[in-house]
Number of protein chains: 2
Amino acid sequence: MTIQERKAIPVPQVEARTPVPRQNLRVPGPTPVPPDVLEAQAAPMINHRGPEFSAIMKRVTPRLEYFFQTRSRVLTYPASGTGGQECAVVNVFSPGDHVVSIIIGNFGTRLAKIAEAYGVKVSRIEFAWGEFADPAVVEARLKELAPYKGVMMTHNETSTGVTNDIQTLAALVRRLSPDALIVVDAVSSLSSLPLEMDPWDLDVVFTGSQKGWMIPPGIMMIAASERAWQAHKTSKMPRFYWDWSSTLKQLESSWQHPTTPPVSLFYALDVALDKMLDEGREAIFARHVRAGEYVRGRAQAMGLELLAKDARYASNTVTAIRAPEGIETKALLKKLHDQDQIVLADGQDHMKGKMFRIGHLGYFTDADLQQAMDAVERHLKELGYRA
Amino acid sequence: MTIQERKAIPVPQVEARTPVPRQNLRVPGPTPVPPDVLEAQAAPMINHRGPEFSAIMKRVTPRLEYFFQTRSRVLTYPASGTGGQECAVVNVFSPGDHVVSIIIGNFGTRLAKIAEAYGVKVSRIEFAWGEFADPAVVEARLKELAPYKGVMMTHNETSTGVTNDIQTLAALVRRLSPDALIVVDAVSSLSSLPLEMDPWDLDVVFTGSQKGWMIPPGIMMIAASERAWQAHKTSKMPRFYWDWSSTLKQLESSWQHPTTPPVSLFYALDVALDKMLDEGREAIFARHVRAGEYVRGRAQAMGLELLAKDARYASNTVTAIRAPEGIETKALLKKLHDQDQIVLADGQDHMKGKMFRIGHLGYFTDADLQQAMDAVERHLKELGYRA
């Protein structure tokens, strides 16, 4: 470093803040947050080691467990959904373990990569983007791949708009390998789509606050079965931040966290859970079914091709649509954003620019979805698309 | 699992929310948040992959770099301060590396433990709680311990209210071992106490949003020198979530993050940085000096003993006071909390119940500190304390 570089850093000049117009945010997370949940964040800070925060955790934790459908404790971390993937891997596996990854898109690939980064030997059962994990194919491959310590799978693949049949997949894993750990990435499904951790005998399930939970990003929630807790005890992965034992210990002794939790997001979660229970778990599922059917129906009526090859496995939280021949996704998204304040998501990875995605999870109304699909139809026509 | 246990989990009954009265929150984090910063969190969600979020990062990032006093990029993660400790360790070291940990309290111990969890061979230069890291002692021990890959140190030890002389410690490490990586935990100091990353030639510096930054917990900020980035390239630690390369790549290509950032906390940070620059870096430091002097002065006038043995190294962000003989910290804190809505912190680890801590960092007024110290004086008398 030269002396010049060691000089004091001056105050930087930055561009002024410009207000964001009211948007119809239709990406698959962050999702819109109800006004009272937004407002809940603005309460003054409290001590994360005091009774007021413990009271929040005491309300939040059992209600999360209800949505997970588990009698295990749901643990919470300041993290994104990817943190949930890492937290799952480092708590139950050890370097050198053989683990099977069922992959149907970008987030499945990420989970496998994280396991590999930690020295897990990953065998992939991979399906093309748009396909679901066909249980017959999975069963045949699992038989070839045995023995394995665990099987990781994505409930709802945000990159392709496909929902796996976790109940069937979990049952077949359990039948073939009774002791295998079933790790389920439920980031963009849990609370929006049916998932029952204990009844389906799942071992690790995690999700993220910015999806179906109707709060901003920043809280990751994860639960482990008795089988996973046993695996945790002998897991030799290096870990500290993600360690379940310290988190459970602090939760059980004081309804608190071993490190500082994102307090304002817990205010939001507390209120969001009230609203979710007011609506009811089944009613939330039904609303997402209607949303998925509506968005897919509109897309198909426009002659558009869904990425999800099989309607039975099309996601009810996010719909991925192929960009029509000759139409650039970027141009469509820009028109929607600039002219209508409608925000859709591009494709990820190799599908960037070749598809667009519409989020319909968490907090939304029928009118939001209709406005978005009307605008897609109008702009596609303007861009020269003819069905 | 029995069939009984696999039955559906019913909706739990939880206690109703009770409003939290207005508190004088005087713990060393989470710290009080100014009303306009609180309110900023309540803005609607936006796409973390869109231009509106990039605009926030473009404003926030260079201003964080100004407070770090670095020309390196400051990276941000959804995490607590402990996440910063883990992020530092896993990005620059490798299993088997020999690293020196200078420890003056609980958070120094935690940093050493994290490094050990990842297979680093840690040599401790440990000082009793209340002592600062005496450069002469550190120098002698470092000479014995050479060679080492890096030296980790705490700027401000939140558990003891002691601030290390990082400039002197860093200079002596650099003189003894020019290539050693200097890792500084600045969680409860940065922005409140002078710290100059580039001018002092520090290699890794990290901090947390819930301390001097006047926003709620949930964002961890970290920066690395050119030397640390070189070490990062050859570091063999398993990592994914904390990986600097993917975070820098996304920041440089689009002013975004590789995973979903805590959007509402970035709204808050953006506004908090406006306020911090309005006040001015030097003025913030001066305000914290006055706060530290005031709180220590009041404690000493009451005949109380500070944990910090040497006034020159007493912290200006948190004061740790020994509980007087025969007085239980818990009783004092309960009276302050229940009768005056003043929230102080207990001691940590082996000092729990034997001391109390008063936070004076971030957003506070002279009146807040005076009210807290008046109440401490009154309640100690009621509890039978005579100076």
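Residues numbered from 1 in each chain as written. Chains lettered and ligands numbered in written order. Predicted model: local features only at pLDDT ≥ 70, side-chain atom pairs only at ≥ 80, totals over all residues. Heavy atoms only, no water.

Participant: Quick one: what's the story with the UniProt feature "modified residue: N6-(pyridoxal phosphate)lysine" (unreviewed entry) in chain A, residue by residue and with numbers?
Facilitator: Residue and element names in this part refer to chain A. Under the local residue numbering, the UniProt record ascribes the feature "modified residue: N6-(pyridoxal phosphate)lysine" (unreviewed entry) to K211. Its location among the elements puts K211 in the loop between strand 9 (204-208) and strand 10 (219-224). What makes K211 buried here is its relative accessible area of 6%. In this structure K211 touches P28, G29, T31, T158, V187, S188, L361 and G362, once residues within four positions along its chain are discounted. (UniProt positions renumbered as here; feature names shortened; annotations may be inferred. Helix = DSSP H or I, 4+ residues; strand = E, 2+ residues; numbered from the N terminus. Buried < 20%, exposed > 50% of the residue type's maximum accessible area, 1.4 Å probe, protein only. Contact = heavy atoms within 4.5 Å.)

Participant: So, the interface of chain B and chain A: which residues are in play, and what are the values?
Facilitator: Each side of the interface is counted separately: chain B has 80 residues, and chain A has 80 residues. Carbon and sulfur atoms supply 63% of the area that chain B and chain A bury against each other, a total of about 6,600 Å² over both sides. In this structure, the connection of chain B to chain A is made through four salt bridges. Between D270 of chain A and R17 of chain B there is a salt bridge, with the nearest N and O atoms lying 3.2 Å from each other. Joining chain B to chain A, the criterion identifies 23 residue pairs in polar contact (both at pLDDT 80 or more). (Buried area = accessible area lost by both parts, 1.4 Å probe. Salt bridge = Lys/Arg side-chain N within 4 Å of Asp/Glu carboxyl O. Polar contact = N/O pair within 3.5 Å; in protein donor to acceptor, adjacent residues only side chain to side chain.)

Participant: Which residues make up the relation of the copies chain B and chain A, and what values do they have?
Facilitator: Taken together, a rotation about one axis and a shift along it account for how the two chain copies relate. The transformation that overlays chain B on chain A combines an axial shift of 0.0 Å with a rotation of 180 degrees, and the residual RMSD is 0.0 Å. A rotation of that kind, with that shift, is consistent with a two-fold axis. A share of 100% of the interface residues of chain B reappears at the interface of chain A, consistent with the copies meeting face to face through the same patch. (Least-squares fit on C-alpha atoms with pLDDT ≥ 70 in both.)

Participant: Account for the pattern of salt bridges, naming residues and giving values.
Facilitator: Here the structure, examined in full by the defined rule, presents 52 salt bridges over all chains. Between R298 of chain A and D374 of chain A there is a salt bridge, with the nearest N and O atoms lying 2.8 Å from each other. With R298 of chain A in helix 10 (residues 281-301) and D374 of chain A in helix 12 (residues 366-382), this residue pair connects regions lying 76 residues apart in the sequence. Exposure remark for R298 of chain A: the relative accessible area of 16% places this residue in the buried category. On the accessibility criterion, D374 of chain A (32% relative accessible area) is partly exposed. A network of salt bridges, in which partner residues are shared, links R17 of chain A together with R59, R63, D270 and D274 of chain B.

Participant: I'd like a description of the domain arrangement of chain A, backed by residues and values.
Facilitator: Residue and element names in this part refer to chain A. Each assigned domain of chain A is listed here: domain 1 (24-32 + 280-382) and domain 2 (36-276). Computed over C-alpha atoms, the centres of domain 1 and domain 2 are 26 Å apart. The interface is formed by 30 residues belonging to domain 1 together with 31 residues belonging to domain 2. Summing the contributions of domain 1 and of domain 2, the shared interface buries around 2,500 Å²; its carbon and sulfur component is 59%. There are one salt bridge connecting domain 1 and domain 2. Across the pair E196 and R281 runs a salt bridge, and its minimum N-O distance is 3.9 Å. The interface formed by domain 1 and domain 2 includes 14 residue pairs in polar contact (both at pLDDT 80 or more). Sorting the residues of the side of domain 1 that touches domain 2 by element identifies helix 10, strand 11 (318-322) and strand 14 (355-359) as the ones contributing at least two each. With four residues, helix 10 is the single largest residue contributor to the side of domain 1 that touches domain 2. Looking at the side of domain 1 that touches domain 2 residue by residue, the class counts come to 15 nonpolar, 10 polar and five charged. (Domains from an automatic or database assignment. Nonpolar A, V, L, I, M, F, W, Y, C, P; charged D, E, K, R; others polar.)

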